[in-house]
Each structure stands twice: as structure tokens, then as C-alpha cells.
Amino acid sequence: MEFFLNDKNKKKIELFKELIFKDGEKVSFTYLQHYLDISLSTLKRYFNELEADIQKNEDLNKIVFERSTGGFQLNNHSSFKINYLVVHLRLHYLNESLQFKIISSVLTRSYLTADELAEDLYVSIPYLYKQITVLNEQLKSFHIKVVFHSNENLCGEEKHMRMFCFYFYWNAYRGIIIPFEAELSCMFTCQDIINNLEKRYPSSVIKRIKLMLGITIMRQYKYSIKLPNEVKNILRPFEITTEISMLVKRYFTSEDEHLFFNLMLRSFISDIDSSQEKINLFNMFPRSSSLVLSSELLVNEYEKKFYSSAAMTPKQKASIFYYVLIGLVHSTFFEINPMYFFRQVMINEQDNTEFLKKYLKRHPKNYRFYKKFRKDHPEFVIDSTFNFGVCMLLTILTDMFLIPNISIYIQYSSNNFGTIYIKNRLLTLFNPESIYFTNQLAEADIAIVDNFEVHDEKAEQTFFFVNSFLDERMWLELILVIQKNLLNSD
């Protein structure tokens, strides 16, 4: 969605975030210049423009801007939460974008010619075509495009249209506005549904569920969904194992529509299923499916490599399998990189690729594992064009579920209880599964010592000198060193 914003408005949003999250505190020019990578004169110009933009917006005009020597400050006198203010400002800038207006227009009515759309948007036809050409390049990620020779100006398979509709409306409005409320008016009058949803999910999740239902009702009578048998068989367990699926089943015209809705939930809402539901699903997915078998094969081989000392817990295995299977369904059914249901689709493709490559480079063990896995298992069903996406998915799952650990050696000889003090305090600050202590210096990732004796350091071994174990500044520095080692552990 950030694709719609020009660079200046992106910077102004980032400036607003920094100031509003430090509500009532002065933020220095030096910090803001470095954070936004802009000159002082540009920073001051953006601040003035941001103030003008907010003051003319009725929902934001209770924010007071203050200038002082060396910095800026915002004071929020409204009753709105910070996230609401950020989303509202972002929507304000989105509405200034012609490409955003194009999508908004063609989703609400059909234009026979580009001339009609140009007239509605008050732009010249050549300029409109130029913007549509750029826009269609971005829409390739969804396998859809803007056209003027169809019943609808957005052209593509229905499965891609539904995904795009939800992506567009949710990322633009983030629950501030719920489109299709007329279609939803008869839907959430059943108190049992409301009570059950409110007991389990926060309001933002309920808003997304309502939006998905609205999109489904808007389209299912005119543009029905048809699922391949294998995908239907994979999705059927959701009908009987998850509460949300059973609660909303009454609103769909066919089994395919209901199953597709289940898939949409898993694509866009994190942890819609509980850990126990994921375990139940793991046991119920049909092993006759090549996608299920491929997912299980990948997870089993992954477990051998990454959990060699202790097997995965049922919760870990079911969760990793769950996300891998959804990723493989995305690759085959939607023909979309599985990373796209973790990250926004409509972003600069080059920047996205560079970011992901840097991330993957920090986890070479994952890359080596997946490369060998594909070589050893030609029966794995996913097309090789999705190798990068599946490897990235595994890398993120590793960060999510595999507890990093490092070894620590302590040598504190200044008194007879310093070593025990340091060890026990570290165990209160860090997950005991993440750090373990060794008596062998050569085995340690970090050596905490109180002397300058010469040691044979191993590659990438960190020595941390402790003058006094009661020095709080020393503890802050030590915590940062351990955190950095944990983040970089492989």
C-alpha cells in the first residue's frame, strides 16, 4: 500500500510517528535528520507542511505542534489513540494519490472508457494512462490489471480479486471505515456470534472478519469461487476444528465459498487458530494430498537439522507445519510468493527483494538446508520459482520458534560469590533455554571475566570485562552484548 504514497508523504508520516509516539517530549533535529536521512532545511519544511496538513483535518486538529531550539514536539490533546492518528494521517495522504483514487473508483463502479474515469478524477487522459501503466506493474503481484474492455475494470481470476479487495480495503482503512456495512447489517445481529467472537478475538480481528464477510457477500452471488479438489480437501478440516469457521458458516452460498473464506482468514489474520487447534489440524490434514505430504516432508527434514538435540514439541511442529502448508497452498493455488502473506504485497519489489536477501544472508544455515533439501527431494511439489519464498518462510519460522542459545563462561575471582551472582542474575534476565553456562573457556561464545589474562580466543568469541558486578552501567552493556549474540546465533 505504501506504493501509492510519494516519498515526501512517506517521510512526513515517519516524522509524525516519531513525534506522536514521544507525545509531550522534545525530539532533537539531529535525531530526526539521521532517522529520516534528510537535511535540516528539508526537515523543517516537512514539519511545517505536516502541521498544515493536520490542522485542516477535523479528526487530527487537536494535536498541537511546538518548535524549540534544536527540536520539535507534539502534544496530543485528542481522545484518540496513537495508532488511530497514524492510520488517519496515512489515509489522508493515500487519498491524495491518483493511483489510489483509480483503484477506489474502479472498485465501486464500472467505466466503459478511460475518458469517463479521467473526467471523474479531473485528470487528462494521457496522464491517466501513464498512471495506469505504472499501477498495472504493481498489480502483477496479484495477477490482476486495470482494463476498459470488461464488465469490471479490474480484470483477473476471482481468487485474486478477492485477495486484492481485502488487501486494499483493510490496508487503506485499517478498521477506521468498514466498507459494505449495508451488506453486513443483517450479519452481526446474532448475539451468540458477537459474544463468541468478542471472548476470543480483539476488536481489530473482528473488524477484519467483518470486512472479509462483506467482500464475500458482495461478490459470491455474481462471481462464485470454485476450488480444486486438492485444495478443498486440505481446507475441510478447518470446518470442524475451528470455532470461527463454524460460527460464520451460515453466510455462504456453497462449500467452496466457505472453504475459501477459511483460507482467506489464515492468509491475513495472525493466530486465528489456537495452538491446540493447530495440533488438531495437523492430525486431520489428508496425507493423500501431495501438498500435505510435501509440507510434512519438509518439516520432518527441518526438524532433523534444526532440532537435533531435542525433538520439536507438538505445539512447535504443528505450528511450523501449519504455516508451511499455507505457504505451499499460496504458491500453487494463488501462484503468489508465500512470503506475501507475511509482508505487504504492493511495495517496491526491488527494495523488498534487497531487504529479504539481507535477512536471508544473516541466516546461512537455513539457506544451506533448503538448497540441500531441494536437491535430495525432487518429489517436493513446489515449482522452483518459489524456492526463494519458501526458504524465506522457513527462515522466519526459525526465528519464530527455534529458541536461540549461546554458551557463557564466567571467571570472577575478585570475591567468592561474584560468579554465582552474575550467573543467577543472567537467569532472571534471559530465558534459561537461551543461555547455558560452561566451565570450558574454549567452548564459550561469551566470556565474562574480571582480569586481563591472555586467552586463546576462538573465532567470533566475545570477551566482556567486569570491574564490579554491582555496576548497573556494566549490566546494561552486558545485556546488549548477550542480546546481540542471541540475535546473531545460527
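Check the entry above for the structure.
Values in this document were obtained by computation on a predicted structure and should not be read as measured data.

**Here we look at the overall build of the chain**
So, point 1. In terms of helices and strands, the chain carries 22 helices and nine strands.
So, point 2. Once the C-alpha set of the chain is aligned to its principal axes, its extents read approximately 85 × 70 × 45 Å.
So, point 3. Per-residue burial over the chain gives 51% buried out of 490 residues.
So, point 4. For the chain, restricting intrachain contacts to residue pairs at least 6 apart in sequence, the fraction spanning at least 24 positions comes to 69%.
So, point 5. As presented, the chain carries roughly 24500 Å² of accessible surface, and 51% of it is formed by carbon and sulfur atoms.
So, point 6. With 57 positive and 58 negative side-chain charges, the chain shows a spacing of 1 Å between the two charge centroids.

**Some points on the packing of aromatic side chains**
So, point 1. Here the structure, examined in full by the defined rule, presents 32 aromatic pairs.
So, point 2. Seen from their ring centres, F47 and F72 are 3.7 Å apart, and the 5° between their planes marks the pair as stacked. A residue pair is termed long-range when its members are at least 10 positions apart, and F47 in helix α3 (residues 40-55) and F72 in strand β3 (residues 71-76) qualify at 25 residues.
So, point 3. What makes F47 buried here is its relative accessible area of 0%.
So, point 4. Among the residues examined, F72 registers a relative accessible area of 3% and is labelled buried.
So, point 5. By the ring-pair criterion, three or more aromatic residues cluster together here, those being F3, F4, F100, F142, F164, Y167, F168, Y169 and Y173.

**Things to note about the side chain of N262**
So, point 1. Locating N262 in the fold gives a position in helix α14 (residues 255-268).
So, point 2. Judged by its relative accessible area of 0%, N262 falls in the buried class.

**Some details on unusual backbone geometry**
For residues that are not glycine, phi is negative in most cases, and the peptide bond is trans in most cases.
So, point 1. Positive phi, normally seen in glycine, also occurs at H143, with a value near 65°.
So, point 2. Position of H143 relative to the elements: it lies in the loop between α7 (125-139) and β4 (145-146).
So, point 3. Look at E335: it is not a glycine, yet its phi comes out positive at around 55°.

**Remarks on the packing of helix α1 (residues 7-20) against α3**
So, point 1. For the pair α1 and α3, the least separation of the axes is 10 Å and the interaxial angle reads 80°. What the angle tells us is that α1 and α3 run roughly perpendicular. Contact residues: K8, K11, K12, L15, F16 and L19 in α1; L43, Y46, F47, E49, L50, D53 and I54 in α3.
So, point 2. The residue makeup of the contact of α1 with α3, split by class, is eight nonpolar, no polar and five charged.

**Some points on the sheet that holds β3**
So, point 1. One open sheet holds the three strands; their spatial order is β1-β3-β2, and the pairing between them is antiparallel. Edge strands, defined here as strands with exactly one partner in the open sheet, are β1 (27-28) and β2 (63-68).
So, point 2. The pairing of β2 with β3 spans six bridges and is classified as antiparallel. Paired with F65 across the bridge in β3 is L74.
So, point 3. Against the sheet, α1 makes contact with β1, β2 and β3, and its axis sits at roughly 70° relative to β3, the strand it touches most.
So, point 4. Helix-sheet contacts for α3 involve β2 and β3, and the interaxial angle to β2 is about 155°.

**Side note on the sheet that holds strand β6 (residues 406-411)**
For sheets, the rule is that strands pair by backbone hydrogen bonds, running either parallel or antiparallel.
So, point 1. The four strands are arranged β7-β6-β8-β9 in an open sheet whose pairing can be described as parallel. Looking at strand neighbours, the two that pair on one side only are β7 (435-437) and β9 (462-465), the edges of this open sheet. Across the sheet, the mean angle separating the axes of adjacent strands is 25° when strand polarity is ignored.
So, point 2. Alignment of β6 against strand β8 (residues 446-449), held across four bridges, turns out to be parallel.

**Examining the nonpolar core**
So, point 1. With 133 residues, the main nonpolar core has F16, L154, F164 and I209 as its most contacted residues.
So, point 2. With twelve residues, the top contributor of residues to this core is helix α17 (residues 314-334).
So, point 3. In terms of nonpolar packing, the next biggest core, distinct from the first, is built from 18 residues, I408, L426, F464 and I482 among them.

**A look at the pattern of salt bridges**
So, point 1. Per the stated rule, a full pass over the model turns up 27 salt bridges.
So, point 2. Note that E49 and K8 form a salt bridge whose closest N and O atoms lie 3.4 Å from each other. With a gap of 41 residues between them, E49 in helix α3 and K8 in helix α1 connect regions that are remote in the sequence.
So, point 3. Note that E51 is salt-bridged to R67, the shortest N-O span being 2.5 Å.

**Considering helix α2 (residues 29-36)**
Structurally, the α-helix is built with 3.6 residues per turn, so residues lying three or four positions apart point the same way.
So, point 1. Burial in α2 covers these residues: F29, L32 and L36. On an axial view of α2, the arc spanned by its buried residues comes to 70°, and they lie on one face. Facing away from the buried side of α2 by over 90 degrees, the exposed positions are T30 and H34.
So, point 2. Here the buried face of α2 lies against α1, β1, α3, β2 and β3.
So, point 3. Positive backbone phi, at 55°, marks D37, one or two positions downstream of α2.

The rules behind these values
Residues numbered from 1 in each chain as written. Predicted model: local features only at pLDDT ≥ 70, side-chain atom pairs only at ≥ 80, totals over all residues. Heavy atoms only, no water. Helix = DSSP H or I, 4+ residues; strand = E, 2+ residues; numbered from the N terminus. Buried < 20%, exposed > 50% of the residue type's maximum accessible area, 1.4 Å probe, protein only. Contact = heavy atoms within 4.5 Å. Areas by Shrake-Rupley, 256 points an atom, 1.4 Å probe, with all protein chains shown as cover. Lys, Arg positive; Asp, Glu negative; His and termini not counted. Charge placed at Lys NZ, Arg CZ, Asp CG, Glu CD. Phe/Tyr/Trp six-rings, centres within 6.5 Å; stacked < 30°, edge-to-face > 60°. Axes fitted to C-alpha atoms, helices over the stretch in contact; angles between N-to-C directions. Parallel < 35°, antiparallel > 145°, perpendicular 65-115°, else oblique. Nonpolar A, V, L, I, M, F, W, Y, C, P; charged D, E, K, R; others polar. Pairing = 2+ DSSP bridges. Core = buried A, V, L, I, M, F, W, Y, C linked by side-chain atoms within 4.5 Å. Salt bridge = Lys/Arg side-chain N within 4 Å of Asp/Glu carboxyl O. Arc of directions from axis to C-beta.

In short, the description is geometric, and any link to function would need to be established separately.
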